[in-house]
Amino acid sequence: MPELPEMETYRQQLAPLIQGVPITGVEVTRPKSLNVEPEQFAQLLRGNRILQINRRAKHLLFILATGELLVLHLMLGGWMYVGSDEDKPDRTFQVTIHFGAKSLYFIGLRLGYLHVHLPEEAEAIFKKLGPEPLQADFTFERFRQTLQGKRGNLKVTLVDQSVISGIGNCYSDEICFYAQLLPTRKINDLSEEELQRLYQSMRTVLLEAIRYGGYMESPLYAGDRLTGGFDSRCRVYDREGEPCVRCGHPLVFEEVSSRKCFYCANCQA
DNA sequence: AGTTATACCCGGACGC
DNA sequence: TGCGTCCGGGTATAAC
């Protein structure tokens, strides 16, 4: 599922492919993906250009030459492909944006969406989100302050977008594993040393995931060797029963706060 | 502040 | 091949 590293991978790879290229047409087969009428959407985009692609948490922001933003959230299982009629995936496209011969296909948008906003509207939406975990000014000191007074468990706190933004179900497990902390630990029970481990692990895991292209089933374009490169490097997520890479004990699956949760019961404490 | 429940949504995998 | 069934899971919101 697309979390911060996946969206960051998309952002980096998408930029050189579509930035500045005139939009020649739009197709919408799922109007619910949009917050405006499909005709209005097409009218706004046709002849327009995406000048820049930014990311905020799990959102991608396509900045149009005319000043509006397209705010993308892939939610569960959404993904994208850039290609042409010849090599496009055999899937249902909810939205397609054509850039001459090549097209950007949006796939698996069930709860996902592509919304048109003015910059100030987007800002208001993003105000509810917690800090970006990888932003340079999100120091350990700020991290500690952010978690100050929290009493929930590690898992539920890490995936809470209003506390820290961008981390989802997969990376919360990976971060806990790297930090050798049980996802069920209470935030307020963590020692100073454990908090530091958690902070370092958060940065290390997210940066590694971005470097290897995140956790995705499908490439972004033909010949893409980066997207999904982190799949095989996931240490615990969806690996119930497999031996822990650190100690060899079989990994455990448990529902924690009604979420899928994977961890090593032997070397996480 | 935490915890729990519920609705949202539908493609595609799977079973027969 | 074809048709019916059901799952997944982040987010918003409400109730306690």
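By the naming in an unreviewed UniProt entry, chain A is Formamidopyrimidine-DNA glycosylase, taken from Paenibacillus aestuarii. UniProt annotates chain A under Subunit (unreviewed entry) with the comment "Monomer."

Attention now moves to the UniProt feature "domain: Formamidopyrimidine-DNA glycosylase catalytic" (unreviewed entry) in chain A. Under the local residue numbering, the UniProt record ascribes the feature "domain: Formamidopyrimidine-DNA glycosylase catalytic" (unreviewed entry) to residues 2-100. As a span, residues 2-100 carries 23% helix and 34% strand, and end to end its C-alpha atoms are 27 Å apart.

The next point concerns a nonpolar patch on the surface. On the surface, Met75, Leu76 and Leu111 cluster together into a nonpolar patch covering about 270 Å² of accessible area. Using a relative accessible area of 31% as the deciding quantity, one classes Met75 as partly exposed.

Under the criterion given, the structure shown has nine aromatic pairs. Taking the centre distance of 6.4 Å and the plane angle of 40° together, the rings of Phe140 and Phe143 count as tilted. Linking Phe140 with Phe143, this pair stays in helix 4 (residues 140-147), spanning three residues, or about one helical turn. The same class applies to Phe140 and to Phe143, which are both buried. Here Phe143 falls in the buried class, since its relative accessible area comes to 0%. These aromatic residues form a ring-pair network of at least three members: Phe138, Phe140, Phe143 and Tyr199. Of note, Arg246 hangs over the ring of Phe177, and the distance from its end group to the ring centre comes to 3.9 Å.

Across a sheet, paired strands are connected by hydrogen bonds in the backbone, their directions being either parallel or antiparallel. Within the open sheet, the four strands sit side by side as 1-6-7-5. Their pairing is antiparallel. One side of each edge strand has no neighbouring strand; the edge strands of this open sheet are strand 1 (25-28) and strand 5 (79-83). Across the sheet, the mean angle from the axis of one strand to that of its neighbour is 15°, orientation sign disregarded. Of the pairings in the sheet, the one linking strand 1 to strand 6 (residues 93-99) comprises four bridges and is antiparallel in character. Looking at strand 6, one finds that Val26 is bridged to Ile97. Contacts from helix 1 (residues 4-18) reach strand 5, strand 6 and strand 7 (102-107), with the element oriented near 25° to strand 5. Packing of helix 2 (residues 38-45) onto the sheet brings it into contact with strand 1 and strand 6, and relative to strand 1 it is tilted by some 160°.

What counts as what
- Residues numbered from 1 in each chain as written.
- Chains lettered and ligands numbered in written order.
- Predicted model: local features only at pLDDT ≥ 70, side-chain atom pairs only at ≥ 80, totals over all residues.
- Heavy atoms only, no water.
- UniProt positions renumbered as here; feature names shortened; annotations may be inferred.
- Helix = DSSP H or I, 4+ residues; strand = E, 2+ residues; numbered from the N terminus.
- Patch = residues over 30% accessible without salt bridge, like charges linked within 9 Å, V, L, I, M, F, W, Y side chains within 5 Å.
- Areas by Shrake-Rupley, 256 points an atom, 1.4 Å probe, with all protein chains shown as cover.
- Salt bridge = Lys/Arg side-chain N within 4 Å of Asp/Glu carboxyl O.
- Buried < 20%, exposed > 50% of the residue type's maximum accessible area, 1.4 Å probe, protein only.
- Phe/Tyr/Trp six-rings, centres within 6.5 Å; stacked < 30°, edge-to-face > 60°.
- Lys NZ or Arg CZ within 6 Å of the ring centre and 35° of its normal.
- Pairing = 2+ DSSP bridges.
- Axes fitted to C-alpha atoms, helices over the stretch in contact; angles between N-to-C directions.
- Contact = heavy atoms within 4.5 Å.

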